[in-house]
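# Coordinate inspection notes
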Amino acid sequence: MIETDASQGDDVITLVWDRSASPDVVGYDVYRSQSPNSGFAKVNKDLIMGTTYFRDEGLAQLTKYYYQVATVDSSRVPSLPSAVVERSTAPAEREGFPV
């Protein structure tokens, strides 16, 4: 399961997912698209190792994004990606707004 959060800034989406139980998994790759059915591209520069957290920043405000996560094994072969999750960026909440 992948959880998303957009409360850390108006151009940030964070993802947290369940750790793989497979002993052969050495890390994860995160893929993003603006379509739920195609156009997914890897967004992490390096293999995500030792954590199940990713911070995607510099995103357009008020825009819907779709994500998938894939495990990567010790041979550096990625798995099939997870189910798609969606999240929209939004302006960070400000005290007293909205009124």
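Right above here is the structure, for reference.
A short tour of the structure in this document, coming up. (Residues numbered from 1 in each chain as written. Predicted model: local features only at pLDDT ≥ 70, side-chain atom pairs only at ≥ 80, totals over all residues. Heavy atoms only, no water.)

Pairing is antiparallel in the open sheet, where 4 strands are placed in the order β4-β3-β6-β7. Edge positions in the open sheet fall to β4 (41-42) and β7 (85-88), since each of these has one partner strand only. By the bridge criterion, 8 bridges tie strand β3 (residues 25-33) to strand β6 (residues 64-73) in an arrangement that is antiparallel. Across the sheet, the residue bridging to Tyr28 is Thr71, located in β6. (Pairing = 2+ DSSP bridges. Helix = DSSP H or I, 4+ residues; strand = E, 2+ residues; numbered from the N terminus.)

On to the nonpolar core. With 14 residues, the main nonpolar core has Ile13, Leu15, Trp17, Val30 and Tyr67 as its most contacted residues. Only β2 (12-17), β3 and β6 provide two or more residues apiece to this core. The contact partners of Trp17, leaving out residues within four places of it in the chain, are Met1, Ile2, Tyr28, Val30, Ile48, Thr51, Thr52, Tyr53, Phe54 and Val69. (Core = buried A, V, L, I, M, F, W, Y, C linked by side-chain atoms within 4.5 Å. Buried < 20%, exposed > 50% of the residue type's maximum accessible area, 1.4 Å probe, protein only. Contact = heavy atoms within 4.5 Å.)

Residues other than glycine seldom take positive phi values, yet Leu62 does so here, at roughly 50°. Locating Leu62 in the fold gives a position in the loop between β5 (53-57) and β6. We note that Arg76 has phi near 70°; this positive angle belongs to a residue other than glycine. Considering the arrangement of structural elements, one finds Arg76 in the loop between β6 and β7.

Here the focus is the pattern of salt bridges. Across all of its chains, the model carries 4 salt bridges by this definition. With its nearest N and O atoms 2.6 Å apart, the salt bridge here joins Arg55 to Glu57. Judged by its relative accessible area of 33%, Arg55 falls in the partly exposed class. (Salt bridge = Lys/Arg side-chain N within 4 Å of Asp/Glu carboxyl O.)

One can find Asn44 in the loop between β4 and β5. Side-chain polar atoms of Asn44 contact the backbone oxygen of Asp46, separated by 2.9 Å. Those residues within four positions of Asn44 in sequence are excluded, and the remaining contacts are Tyr28, Asp29, Val30 and Phe54. (Polar contact = N/O pair within 3.5 Å; in protein donor to acceptor, adjacent residues only side chain to side chain.)

Read these as layout, nothing more, since geometry by itself doesn't imply function.
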